[in-house]
Amino acid sequence: MAPSFLCRHLGADRWPAHYGEVHARRPSRVGPAMRVGGLLLAAGAGRRLGQPKALVPFDGQLLVERGVALLTGAGCAPVHVVLGAAYDEILVTADLAEATPVHNPAWASGMGSSLRTGLASLSPEVEAVVVALVDQPLVTAAAVRRLLTAYQEGATVAVATYDGQPRNPVLLGRAVWAEVAALAEGDLGARAYLRAHPELLTQVPCDDVGSPDDVDTPQDLATLRERKVAGS
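Residues numbered from 1 in each chain as written. Predicted model: local features only at pLDDT ≥ 70, side-chain atom pairs only at ≥ 80, totals over all residues. Heavy atoms only, no water.

### Re the confidence of the model for the protein
And step 1. For the protein, per-residue confidence averages 87 on the pLDDT scale, and 85% of positions sit at 70 or higher.
And step 2. Counting contacts from residues 7–25, a segment whose pLDDT is below 50, to residues more than four positions away or on other chains yields 46 contacts. (pLDDT = per-residue confidence, 0-100. Contact = heavy atoms within 4.5 Å.)

This is how it looks when you write it as structure tokens:
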């Protein structure tokens, strides 16, 4: 299973040594309720899997439905789902009543275009967004809630870590969206921006509330289904 951090093949040794350090205490956000949206990236064709990942059944739901439930269950609102491959089929097959589908006509160019499309679709009232990937079914709402807490406590960018490694989901404050979008090309997603600005990054350990393993192949899917059954 390939690691993913809004990108693929990210090794921890490629990050700066000071990755994730907080150099000054950030002020907590108080006052009116936060409006943190959710963004599920689900546009890929799943070529190695043999079908679009959004339409894969997992534990009684399609992966796209599970991803929406992940974000809504944690309290993200609104939730937008970026779709591309099999767009029409997903709309008639999946229950997306609690989300807004967003079509990315350039989905085949990679995750970067989906991230840009998703960020652009959110209204100005949304002050931050949690970005999740459709192919990580063992990520939990508890991990997302920890990112929301980090944001409430002043984080500009927060990332879930497992065994000390940055993975998904990721929270991005609106202040960084423009530069994130400008640097999101191909399958890089937010990686270029995050590597360039480690001083903004807050790491949020999530080892005890799920796993970021993703579904790239039929064997990956079988393995994660077995793990889900064993852990239920």
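There is more to say after this.
### Structural notes on the pattern of salt bridges
And step 1. Across all of its chains, the model carries eight salt bridges by this definition.
And step 2. Its salt-bridge partner being Lys228, residue Asp59 comes within 3.8 Å of it at the nearest N-O pair. Placement of Asp59 in the loop between strand E2 (57–58) and strand E3 (61–62) and of Lys228 in helix H7 (residues 218–231) is noted, with a sequence separation of 169 residues between them. (Salt bridge = Lys/Arg side-chain N within 4 Å of Asp/Glu carboxyl O. Helix = DSSP H or I, 4+ residues; strand = E, 2+ residues; numbered from the N terminus.)

### Some remarks on the nonpolar core
And step 1. If you look at the biggest cluster of nonpolar residues, it comprises 47 residues, and the most contacted ones within it are Leu40, Val64, Leu71, Val81, Ile90, Val130 and Leu171.
And step 2. Counting residues per element, this core draws most heavily on helix H4 (residues 141–152), which supplies seven residues.
And step 3. If we ignore the near neighbours within four places in the chain, the residues touching Val130 are Val36, Gly37, Gly38, Leu39, Leu71, Cys76, Val144, Leu147, Leu148, Pro169, Val170 and Leu171.
And step 4. The next biggest cluster of nonpolar side chains, apart from the first, holds 23 residues, and it includes Leu41, Val176, Val180 and Tyr193. (Core = buried A, V, L, I, M, F, W, Y, C linked by side-chain atoms within 4.5 Å. Buried < 20%, exposed > 50% of the residue type's maximum accessible area, 1.4 Å probe, protein only.)

### What to know about H4
And step 1. With 12 residues, H4 extends 16 Å between its outermost C-alpha atoms, agreeing within 8% with the 16 Å of an ideal straight helix rising 1.5 Å per residue.
And step 2. Along H4, the residues classified as buried are Ala141, Ala143, Val144, Leu147, Leu148, Ala150 and Tyr151.
And step 3. Where H4 is buried, its residues contact strand E1 (36–41), helix H1 (63–74), strand E6 (128–133), strand E7 (157–162), strand E8 (165–173) and strand E9 (201–205).
And step 4. Looking at the residues trailing H4, positive phi occurs at Gly154, about 115°. (Expected span 1.5 Å × (residues − 1).)

### With respect to the pairing of E6
And step 1. Counting buried positions along E6 yields six of six residues, so the element is predominantly enclosed.
And step 2. Where burial is concerned, the two faces of E6 agree: the one with Ala128, Val130 and Ala132 and the one with Val129, Val131 and Leu133 are both buried.
And step 3. Here six bridges tie E1 to E6, and the two strands are oriented parallel to one another. Counted as the bridge partner of Gly38 is Val130 from E6. (Pairing = 2+ DSSP bridges.)

### Thoughts on the sheet that holds E6
And step 1. Strand order in the open sheet made by the seven strands is E5-E4-E1-E6-E8-E7-E9, with mixed pairing throughout. Strand pairing shows two members of the sheet lacking a second neighbour, strand E5 (100–103) and E9, which therefore form its edges. Strand-to-strand twist in this sheet, taken as the mean axis angle between neighbours without regard to direction, amounts to 25°.
And step 2. Of the strands in this sheet, E1, strand E4 (79–83) and E6 touch H1, which is tilted by about 165° from E1.
And step 3. Across the sheet, H4 lies against E1, E6, E7, E8 and E9, angled at about 50° from E8, the strand it touches most. (Axes fitted to C-alpha atoms, helices over the stretch in contact; angles between N-to-C directions.)

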